[in-house]
Amino acid sequence: MTLDPALFLTVDFPAWAVASLSSAVCALLGNFLVLRRQAMMGDAVTHVVLPGIVVGFLIADAHSAVHMTLGALVATVLAVGLIEALRRFGRLEEGAAMGTVFTVMFAFGIVLIEQTGNANSHISPDHALFGNLEATVWVGPTAWGDLLSADMWALLPPEFATLLWVVPLTGGAVLLFYKELKLATFDPLLSRSLGFAPGALGLGFMVFVAIAAVASFEAVGSILVVAMFICPAATARLLTDRLAVQLWLSVAIAVLAATLGYVLAASAPVWAGTPGALSAAGMIAVAAGGLELAAILFAPRYGLLARRRRAAIARAAAGVSS
Amino acid sequence: MVDGLTVTYGGKPALEDVSYTAPPGGLVAVVGPNGAGKSTFIKAVMGQVSATAGEIALFGKSARSNRSVVGYVPQRTSVDWDFPVSALDVVTMGLYRRIGWLWPVRAKHRRQAFGYLDRMGLADYADRQIGQLSGGQQQRVFLARALAQDADLYLMDEPLAGVDAKTERTIIGVLQDLKDEGRSVFVVHHDLRTVPEYFDHLMLLNTRLVAAGPMSETFTVANLQQTYGGHMAVLPGGATAVVD
């Protein structure tokens, strides 16, 4: 079987790259969400950005990445404020406050889509959940040599182009503020007493979570975004006791899941005989879950098997000495 | 110095009208029954909970602007022991202020942090994830971090709770060193038997400040009874026991 460069560059490469980049950026931020015990916040942000995106779309009256991102950021800051207000004045615990805010805002977004945008936009309730990875095509390059042509890169699908600045921006911010994020996540009290403004840092962090969610959302859908905020970080945590190593590992795991999931989805019709292609975003989320399950079972130190083996050795040792 | 400090949670006062001026360079034991507001007092000085009324000043400046002079050892239950950091990482955090915004941790900072760990007898455990240390070792890691902060005022919430004898000796040695260097240390402490031996000043709290001052004047049966109310019994021979 030979690889057809035109088909690969037009269909598979952009879809795989968009899936990998969005998975990687969500996974990187997800480490801090999981460590702050705020994994649900990733879920919340992924949902609350929807009405923001739609309002941005309506204001711009066109598909403008800038308007949609701004709308999403406003929605995120609003949601963070509302959650905090509900917690304080509504006497709700954080999970309940999040649950209230994000479901209401997401539902509002769906209503907005159905009432206004459905006819002339390609935002649909389906795409909000599962994304539209299959439609991420790069119409232009037909041969390997085309990759060297700047004209071709100008034709990149918009979600790909967006991720090409969001990923380095987010990665750069995490690198730059690594020490401060680590301290604020581990010990917010010390962070504040040393003057490292954990509150402002936390809000800035949520802004990046929102940017990552918006940039990823359209192509891969909210389900994959939520999965990527949580699974790779949780998987990586089982494999290392070093935060820096965990960050790199989670990104590698996210790209691996994206690759595995994409290949599985693309090839499933061939080996499983299913009539249509599987949802690539869905398969990637499944792959991320599968990798996490594998780590839960087989991780060298924290895996179930390793723990059982250690317990057995300890029992044997106790038996010998008694 | 705190003046008229009151902190309320949901309408119920946890601390009421507490005023106290700490002696410069002294070991102050903060003592009282459960729910007396001891941790609240520490948290209020740290700025973790806000005062409903009253003033907190640190070395003549308002606490808000001067909090970096405070080093603290958190209560064990408030630490996430599963967090992927090593003992050395935790101690290094005490140096972050000196490292400054955005600057990365460099080799010389790690060497410095290692020095503090070594002083706590933990040189062999520098790379251990904090959850895999014993309770006493964990306590010493956080004390090493507090030392790394090089603060003028230290706040410690039950550093001696549930630690082994070696750790207790190490911590008391460090407290003495801090005092000899002219620093002030507030320690929430539970064990009335060792209070007069380890500390030289005493704050007796039961929501209100019952008594405060030098140990010899404050550590009296009358004051303790007033602090613990019916939960304290004076045994024959003058010994006291707290009945929880």
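To be clear, the structure that these remarks concern was listed above.
Summary of the structure given here. (Residues numbered from 1 in each chain as written. Chains lettered and ligands numbered in written order. Predicted model: local features only at pLDDT ≥ 70, side-chain atom pairs only at ≥ 80, totals over all residues. Heavy atoms only, no water.)

1. Description of the pattern of salt bridges
To be explicit about the condition: By convention in these notes, a salt bridge is any Lys or Arg side-chain nitrogen within 4 Å of a carboxyl oxygen on Asp or Glu. Helical segments are the DSSP runs of H or I of at least four residues, strand segments are the runs of E of at least two, and each set is numbered from the N terminus.
By the definition in use, this model includes 14 salt bridges over all chains. Across the salt bridge formed by B:D127 and A:R242, the nearest N and O atoms sit 3.7 Å from each other. Placement of the pair is B:D127 in the loop between helix 4 (107-119) and helix 5 (135-148) and A:R242 in the loop between helix 10 (198-237) and helix 11 (243-272), with the two residues belonging to separate chains. In this structure, B:D191 and B:R193 form a salt bridge, with 3.1 Å as the shortest nitrogen-oxygen distance.

2. Re the sheet that holds strand 8 (residues 184-188) of chain B
All names here are of chain B. Heads up, the condition is: Only strands that DSSP links by at least two bridges are regarded as paired with each other. The axes used here are C-alpha line fits, helices contributing only the stretch in contact, and every angle between their N-to-C directions lies in the interval 0 to 180 degrees. Pairs of residues are marked as contacts when any of their non-hydrogen atoms sit within 4.5 Å.
Pairing within the open sheet is mixed, and its six strands lie in the order 6-7-8-3-9-10. Strands at the two margins of the open sheet, each flanked by one partner only, are strand 6 (70-73) and strand 10 (208-214). In this sheet, adjacent strand axes meet at a mean angle of 15° when their direction is disregarded. Alignment of strand 9 (residues 201-206) against strand 10, held across six bridges, turns out to be antiparallel. Its bridge partner lying in strand 10, L204 is registered against A211. Against the sheet, helix 1 (residues 38-46) touches strand 3 (27-31), strand 6, strand 7 (153-157), strand 8 and strand 9, its axis set at about 145° to strand 7.

3. Here's the deal with the environment of A:A85
Inspection of the secondary structure assignment puts A:A85 in helix 3 (residues 65-89). In the structure, A:A85 is positioned 74 residues away from A:V11 in sequence and 46 Å away in space, judged by C-alpha atoms.

4. Focus: the environment of A:V207
Residue and element names in this part refer to chain A. Formally: Under the scheme applied here, a residue whose accessible area is under 20% of the maximum for its type counts as buried, over 50% as exposed, and between as partly exposed, the area being computed with a 1.4 Å probe on protein chains only.
In this fold, V207 is placed in helix 10. Judged by relative accessible area, V207 falls into the partly exposed class, the value being 25%. Residues V207 and A72, 135 residues apart in the sequence, show an inter-C-alpha distance of 9.3 Å.

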